[in-house]
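# Structure at a glance
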Amino acid sequence: MQVGFVGLGIMGQPMALNLARSGRPLVVWNRSPERTEPLREAGARVAATPAEVFAGSDVVILMLADEAAIDSVLGRRTAEFARTVEGRTVVHMGTTSPDYSHDLGADIHAAGGDYVEAPVSGSRGPAEAGELVAMLAGAPEAVARAREVIAPMCGDVVDCGPTPNALLMKLSVNLFLITMSTGLIEAFHFAERHNLDQRTLVEVLDAGPMASKVSRAKAAKLLAADFDAQAAARDVLRNNQLIADAARAAGIASPLLDVCLTLFTRTVELGHGKNDMAAVVHAIRERSDSAQPHQDAFHQLH
């Protein structure tokens, strides 16, 4: 199978590099051409347009930022759409709303193509290491085809049934990730304001049952004040909003997620959207700072 890859951002570039290094013939495209150079060096062919990727591929992986970017690349709702997807398997590995994905799959099937949802759990580090967990949904034959293609990028691949179950599963996983990570970051802030040694906090966490790859990665960033993005705050906010929307549509309560939504909204407003999600600590610190005058006034009265 000839494989195409469209979208070489924080996650897409290392994913595509693992695919190229596996020896799979690969053609790639990205809106910012400089992101394609490492792929060229790894042996991939760089296309001038998305249409060129589709023309030379049996399976095309999309790792794009949002629904508008996907529709633009596919030429959806234009005469080009059918010519683009007919006879090809489109594998959507980004994160969009489940309803959008389901409708996109229906449009691709109607145009004579196959469609697979394959969102992944993991940030830049696991993407670089080829340790992502992919969740697949779609028709069995198309899922089997996608599974073979994406294997070099993943540590595990899990079948989730029909669309949009893979994206719903991804949102479930991300709900846990966002609330868990925000809780960890708040714990660091709590220790910080009590003048505790944060390295001792890390030592205790790492020795106990709550230690995880995520806790270790985020703790290292907080200790070093390193906000280089593994998972950018603006992307976490977007995922947070997708989960909240899906919860509202189903009448599901999401109290912890709603607090995180407020915090990540503020993090982006403060100018930290391109920074790692650990930058939510700035929004938490702002809350403490704004509460301090009220606490001081309370203590003076009493």
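Look up a bit, the structure's there.
About the cut-offs
Residues numbered from 1 in each chain as written. Predicted model: local features only at pLDDT ≥ 70, side-chain atom pairs only at ≥ 80, totals over all residues. Heavy atoms only, no water. Helix = DSSP H or I, 4+ residues; strand = E, 2+ residues; numbered from the N terminus. Rg over C-alpha atoms; globule rule 2.2 N^0.38 Å. Buried < 20%, exposed > 50% of the residue type's maximum accessible area, 1.4 Å probe, protein only. Contact = heavy atoms within 4.5 Å. Lys, Arg positive; Asp, Glu negative; His and termini not counted. Charge placed at Lys NZ, Arg CZ, Asp CG, Glu CD. Salt bridge = Lys/Arg side-chain N within 4 Å of Asp/Glu carboxyl O. Core = buried A, V, L, I, M, F, W, Y, C linked by side-chain atoms within 4.5 Å. Pairing = 2+ DSSP bridges. Right-handed = clockwise from strand over helix to strand, strands pointing away. Disulfide = S-S within 2.5 Å. Arc of directions from axis to C-beta. Polar contact = N/O pair within 3.5 Å; in protein donor to acceptor, adjacent residues only side chain to side chain. Axes fitted to C-alpha atoms, helices over the stretch in contact; angles between N-to-C directions. Parallel < 35°, antiparallel > 145°, perpendicular 65-115°, else oblique. Left-handed = near helix turned anticlockwise from the far one by under 90°. Nonpolar A, V, L, I, M, F, W, Y, C, P; charged D, E, K, R; others polar.

### Concerning the overall build of the protein chain
Across its full length, the protein chain carries 14 helices and nine strands. Taking 2.2 N^0.38 as the reference for a compact globule, 302 residues should give roughly 19 Å; the C-alpha atoms of the protein chain span a radius of gyration of 21 Å, in line with that estimate. Reported as C-alpha extents along the three principal axes, the dimensions of the protein chain are approximately 75 × 45 × 35 Å. Out of the 302 residues belonging to the protein chain, those deemed buried represent 46%. Counted over contacts in the protein chain with a minimum sequence separation of 6, partners at least 24 positions apart contribute 64%. Counting 27 positive and 36 negative side-chain charges, the protein chain places the averaged centre of each group 3 Å from the other.

### A closer look at the pattern of salt bridges
Under the defined criterion, the tally for this structure stands at 21 salt bridges. The salt bridge involving Arg 76 is made with Asp 107; its shortest N-O contact spans 2.8 Å. With Arg 76 in the loop between α4 (67-74) and α5 (80-85) and Asp 107 in helix α6 (residues 98-110), this residue pair connects regions lying 31 residues apart in the sequence. For Arg 76, a relative accessible area of 8% gives the class buried. Across the pair Glu 269 and Arg 266 runs a salt bridge whose closest N-O atoms are separated by 3.2 Å. Of this pair, Glu 269 and Arg 266 both sit in helix α13 (residues 255-269), three residues apart, which is roughly one turn of that helix.

### Here's the deal with unusual backbone geometry
Keep in mind that most residues, glycine aside, have a negative phi and that most peptide bonds are trans. Here the amide bond leading from Thr 163 into Pro 164 is cis, since omega sits at 5°, within 30 degrees of zero. Mapped onto the elements of the fold, Pro 164 is located in the loop between β9 (154-159) and α9 (165-193). One non-glycine residue with positive phi stands out, namely Arg 77, at about 65°. Looking at where Arg 77 falls in the secondary structure, it is placed in the loop between α4 and α5. On the accessibility criterion, Arg 77 (66% relative accessible area) is exposed. Even without glycine at this site, Asn 195 takes up a positive phi of about 60°. In this fold, Asn 195 is placed in the loop between α9 and α10 (198-207). Exposure remark for Asn 195: the relative accessible area of 72% places this residue in the exposed category.

### Some details on the nonpolar core
Formed by 33 residues in total, the largest nonpolar core has its most connected members in Phe 5, Ile 61 and Met 93. Among the secondary structure elements, those contributing two or more residues to this core are β1 (3-6), α1 (12-21), β2 (26-29), β4 (59-62), β8 (132-138), α8 (140-150) and β9. Apart from residues no more than four positions distant in its own chain, Phe 5 is found in contact with Gly 12, Met 15, Ala 16, Leu 19, Leu 26, Val 27, Val 28, Trp 29, Val 53, Ile 61, Met 63 and Met 153. Membership of the second largest hydrophobic core comes to 28 residues, among which are Leu 184, Leu 222, Leu 261 and Ile 284.

### Section: the pairing of strand β5 (residues 89-92)
In β5, alternate side chains face the same way, and those of Thr 89 and Val 91 on one face and Val 90 and His 92 on the other are all buried. Examined bridge by bridge, β4 and β5 share four bridges and lie parallel to one another. Considered in β5, the bridge of Leu 62 is made with His 92. With α6 bridging β5 and its parallel neighbour strand β6 (residues 114-117), the resulting β-α-β unit is right-handed.

### Brief notes about the side chain of Asn 240
Summarising the element assignment, Asn 240 is placed in helix α12 (residues 233-250). For Asn 240, a relative accessible area of 0% puts it in the buried group.

### Here's the deal with the state of the cysteines
A complete count under the given rule lists zero disulfides for this structure. Left unpaired, Cys 154 is separated from the closest cysteine sulfur, that of Cys 160, by 12 Å.

### Overview of α10
Turning to α10, its buried residues are Gln 198, Val 202 and Leu 205. Down the axis of α10, the smallest arc covering the buried residues is 65°, so these residues share one side. Exposed side of α10, more than 90 degrees from the buried face: Arg 199, Glu 203, Val 204 and Ala 207 are the residues found there. The backbone nitrogen of Arg 199 has a side-chain oxygen 2.9 Å away, supplied by the residue at the start of α10, namely Asp 197.

### A few points about the packing of α9 against α13
Direction vectors running N to C along α9 and α13 enclose 65°, while the axes themselves pass 10 Å from each other. Classified by the angle between their axes, α9 and α13 sit roughly perpendicular to one another. Remark: the crossing between α9 and α13 carries left-handed chirality. Judged by residue contacts, Leu 175, Ile 178, Thr 179 and Thr 182 of α9 engage Leu 256, Leu 257, Cys 260, Leu 263 and Phe 264 from α13. A per-class count over the contact of α9 with α13 returns seven nonpolar, two polar and no charged.

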